[in-house]
Number of protein chains: 2
Amino acid sequence: MKPSIPQGTRDFSPAELRKRYFILDTLRSIFERYGFQPLETPAMEQLTTLMGKYGEEGDRLIFKILNNGLHESKKKDELNNEWAKILDKPFSTPIVTERALRYDLTIPFARYVAMHQNDIALPFRRYQMQPVWRADRPQKGRYREFWQCDCDVVGSPSLLNEAELLCIYQSAFHKLNIPSVCIKINSRKLLAALAELCKGVDKLTEMTVALDKLDKIGWDGVCKELAQRGLDQDGIAKIEHLIQIKGTNEELLAAWELVLGKTDSGTAGIAELRKTLALWDQLADKEWTSEIRVDLSLARGLNYYTGVIMEVTTSAVKMGSIGGGGRYDDLTGLFGLPGITGVGVSFGIDRIYDVMEELAIFPVANAAGSLVMLLNFGGKEEAYALQIVQQLRNAGIAAEIYPEAAKMDKQMKYANKRSFPYIIIAGELELQKGQISLKDMRSGQQEMLSINEAIKSLKKLAV
Amino acid sequence: MKPSIPQGTRDFSPAELRKRYFILDTLRSIFERYGFQPLETPAMEQLTTLMGKYGEEGDRLIFKILNNGLHESKKKDELNNEWAKILDKPFSTPIVTERALRYDLTIPFARYVAMHQNDIALPFRRYQMQPVWRADRPQKGRYREFWQCDCDVVGSPSLLNEAELLCIYQSAFHKLNIPSVCIKINSRKLLAALAELCKGVDKLTEMTVALDKLDKIGWDGVCKELAQRGLDQDGIAKIEHLIQIKGTNEELLAAWELVLGKTDSGTAGIAELRKTLALWDQLADKEWTSEIRVDLSLARGLNYYTGVIMEVTTSAVKMGSIGGGGRYDDLTGLFGLPGITGVGVSFGIDRIYDVMEELAIFPVANAAGSLVMLLNFGGKEEAYALQIVQQLRNAGIAAEIYPEAAKMDKQMKYANKRSFPYIIIAGELELQKGQISLKDMRSGQQEMLSINEAIKSLKKLAV
């Protein structure tokens, strides 16, 4: 049997994982500094928790788990009825399947907050980095198992949260060293105002879907779509006017205010963007180079957003957005806890990985993991080498000894394949002198040192 | 709708996760020092990869994923046939279900090694810490989603690997500060010798199953079971004699040798235990307090072990084993790569957590996550506080500011509920002086400091 893994899933090799851990550890340390707390939820949720939350397409893409022990059930007729329903359409069939795999981190988070509302101090800031599963058709950059990384604050309407999330984005992309990052921000309230002014209040969703494509299909394409979706020429002209204005964030907000400020929702949207930017300005670090830009065409697909929305791209690589998020007003209401506002952003771990790989900006990692391998000469020399390898490990240095006194060329072949940066030779001569020879595998240089000297210089290199 | 999670699964709260991360980070750093490399495999495997690897009971307990798009399939008759088979018995039915959730980390590792045999440098040392899923009946301490943590070396027959794994166990339980740890070791070869001498070669498995219960049911119980399983009185007497011998590891091995040394397998088993212990003795650190004890009654359930086996318990808490492992000779053979030997051990993360919780030996963690919260007075004071909170974060201190200028008692109530160790007050007076007041929430003491002084003393506390 030739082994394989399911389509759209991946094994992560040691070398890939060291890079992934670099991203995840960087994000984790930033989240922690901003007071966010870790949360992990089970891979399986009740099917009823997930169904109906992601639209009809989502329901179809949820991986459902077959109930165990079906063959032991005595209710064969009932099972057969439910089975027939699955064949009919993919809805919840609790006696065939009652559990499903996590589809995103947002719904499980809302479910958690509702379940633990009495234990949680609000505002509650949590981050969560876990895999999710979707039965989407796999293609380049799209997997059936992929990682999401979310940080959210629930229970506080303050725009200081939005401002801090902008800082988290900037600080993260700064630490990861990703260049040419732009964080677009907008308010759903401005889109609502736009719909109102274009006499398309009922067409808000359709309008945003069309606007969202501006980057991809240009204004002509969007214009055509808006017309198809029923907006009149007057309305389209208004949108065009606003979209085409150029200027600084302040200039754009002032220009938009002249038009959108005629509605309550427009006034509120302008005010919340101004306040968010003012707070961000007080927090922001001069070192951070990513740009924050208000953009009226930013819509974000998900319908649950109600306030400020944001999205991150980099122009350094051809790639979709590497992050996004926004304010939502009633997510926990789905689980019986209404009136809780929240705001959150998400990092596209897989895409960030691809960007960093393409730009070759991962810190030069030690592919071997271990810094040094000791050759194994057997006998007394092995005993000597065993002492040394433990001394290195006690000093915090990742070290290995070849596990057998194999032929030298076999040991060296292994060392080369693993790409250890250093080799330690502790042979007869070294044993006599109570020293070791440290060989730099890149330069080929070799010097005899005391064990303490070797530890000292390897510790410097390990940092 | 009252939200819930599937039976046998758990949400992990921030406070629980900080403790779990402490365990996982400790183990990770030890694995890395011993040259082990991280590996992660997908949650889903092909059903064919898993079925038939864990016995009939295992096949039943594997969580199977329903294929998506069944309602779109045109082969309704075929689907119905397969469905009828699922109702009959739980075997592989590729058109209803072709994927399943990971059941352990060993089979995916073997599958990975076989798939990547051309890229991997042997010996390959990997560690893997991921959840696994089993449809077992949930009970206290037994979950349907739980974490496994394995480290294995494949491709090296050297007993130095066994010795290093013993060191990893000792070093880990030392770092985790778990007291009264005993690591029992035995060799499957000695059990084979025992079976041979008792004229029960064909009864090896049954004999080991009975012996494994010695701790639970005592010698009288084991004796009865051995008789039921068909061993004669003479054989049972031989086993009793060997089991009851007391002494040091060397004394035990010498005494066993007199009896078991009459068979090839017994001679080999004694030799491999002696060699393993001799190598371990050269590596071991005087600081490690856990005991290593040879124990002829140690059998370990899994049939794939062929050489040295080990198991870890602590007498400090009433609890089953917290780790175990051993040498296996042909795991990758299942996936078309025969002749690769391996040895590995596993850490029972959930039980280790429970032991540490019961003994209250987790390092006094900061339950809040953040070290300090700044009160929010709004206006100019807020602007001042925003500068300070960013300075703290830049200095690596986890800090939060209450996101609104809410009433003081509301802010303090939140601070108390979160149990921040420190509060910073940056009000009118502090702003005038360019200082801050740092309040120790435990002692209630408060002092006015410059921001740099505050950073200095908080940094000391953060370590």
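Now for the nonpolar core. Phe347(A) and Phe347(B) are the most contacted members of the largest nonpolar core, which has 258 residues in total. In this structure Phe347(A) touches Leu27(A), Phe31(A), Cys149(A), Ile168(A), Tyr169(A), Ala172(A), Phe173(A), Ile322(A) and Ile352(A), once residues within four positions along its chain are discounted. One finds Ala43(A), Met44(A), Ala135(A) and Leu101(B) within the second-largest nonpolar core, a separate group that totals 14 residues.

Right, let's talk about the packing of helix H9 (residues 214–228) of chain B against helix H10 (residues 233–244) of chain B for a bit. All names here are of chain B. Across the interface, H9 lies against H10 with an axial gap of 10 Å and an inter-helix angle of 160°. It follows that H9 is roughly antiparallel to H10 by the angle criterion. The hand of the H9/H10 crossing is left-handed. Residues Leu214, Trp219, Cys223, Leu226 and Ala227 of H9 form the contact with H10, whose own contacting residues are Ile236, Ile239, Glu240, Ile243 and Gln244. Partitioned by chemical class, the residues of the contact of H9 with H10 number eight nonpolar, one polar and one charged.

Turning next to the relation of the copies chain A and chain B. Each copy of the sequence occupies a distinct position, and chain A is placed on chain B by a rotation of 180° and an axial shift of 0.0 Å, giving an RMSD of 0.0 Å. Taken together, the rotation and translation relating the two chain copies correspond to the operation of a two-fold axis. Among all residues of chain A, the one whose C-alpha sits closest to the rotation axis is Ile65(A), at a distance of 2.2 Å. Mapped onto chain B, 100% of the interface residues of chain A are again interface residues, and the two copies thus contact each other with one and the same surface.

Residues and elements named next belong to chain B. By secondary structure assignment, the location of threonine 314 is in strand S9 (residues 305–314). Engagement of the side chain of threonine 314 in a polar contact is seen with the backbone nitrogen of alanine 316, the distance being 3.0 Å. For threonine 314, the residues in contact, after removing those within four places along its chain, are Ile178, Pro179, Ser180, Val181, Ile322 and Val355.

Once that is clear, we can look at the confidence of the model for chain A. In this model, chain A carries an average pLDDT of 92, and 96% of its residues clear a pLDDT of 70 or more. Here the predicted complex carries an ipTM of 0.91, next to a pTM of 0.92.

Counting from both sides, the interface comprises 111 residues of chain A and, opposite them, 112 residues of chain B. Taking both sides of the interface into account, the surface hidden between chain A and chain B amounts to around 9,200 Å²; carbon and sulfur atoms contribute 58%. Joining chain A to chain B, the criterion identifies six salt bridges. We note a salt bridge from Arg18(B) to Glu32(A), for which the minimum N-O separation is 3.0 Å. For the interface between chain A and chain B, the tally reads 42 residue pairs in polar contact (both at pLDDT 80 or more). The class makeup of the residues in the side of chain A that touches chain B is 58 nonpolar, 25 polar and 28 charged. Pairing geometry for strand S3 (residues 64–66) of chain A and strand S3 (residues 64–65) of chain B, over two bridges, is antiparallel. Across the sheet, residue Leu66(A) finds its bridge partner in S3(B), namely Lys64(B).

Cut-offs used in this document
- Residues numbered from 1 in each chain as written.
- Chains lettered and ligands numbered in written order.
- Predicted model: local features only at pLDDT ≥ 70, side-chain atom pairs only at ≥ 80, totals over all residues.
- Heavy atoms only, no water.
- Core = buried A, V, L, I, M, F, W, Y, C linked by side-chain atoms within 4.5 Å.
- Buried < 20%, exposed > 50% of the residue type's maximum accessible area, 1.4 Å probe, protein only.
- Contact = heavy atoms within 4.5 Å.
- Axes fitted to C-alpha atoms, helices over the stretch in contact; angles between N-to-C directions.
- Helix = DSSP H or I, 4+ residues; strand = E, 2+ residues; numbered from the N terminus.
- Parallel < 35°, antiparallel > 145°, perpendicular 65-115°, else oblique.
- Left-handed = near helix turned anticlockwise from the far one by under 90°.
- Nonpolar A, V, L, I, M, F, W, Y, C, P; charged D, E, K, R; others polar.
- Least-squares fit on C-alpha atoms with pLDDT ≥ 70 in both.
- Polar contact = N/O pair within 3.5 Å; in protein donor to acceptor, adjacent residues only side chain to side chain.
- pLDDT = per-residue confidence, 0-100.
- Buried area = accessible area lost by both parts, 1.4 Å probe.
- Salt bridge = Lys/Arg side-chain N within 4 Å of Asp/Glu carboxyl O.
- Pairing = 2+ DSSP bridges.

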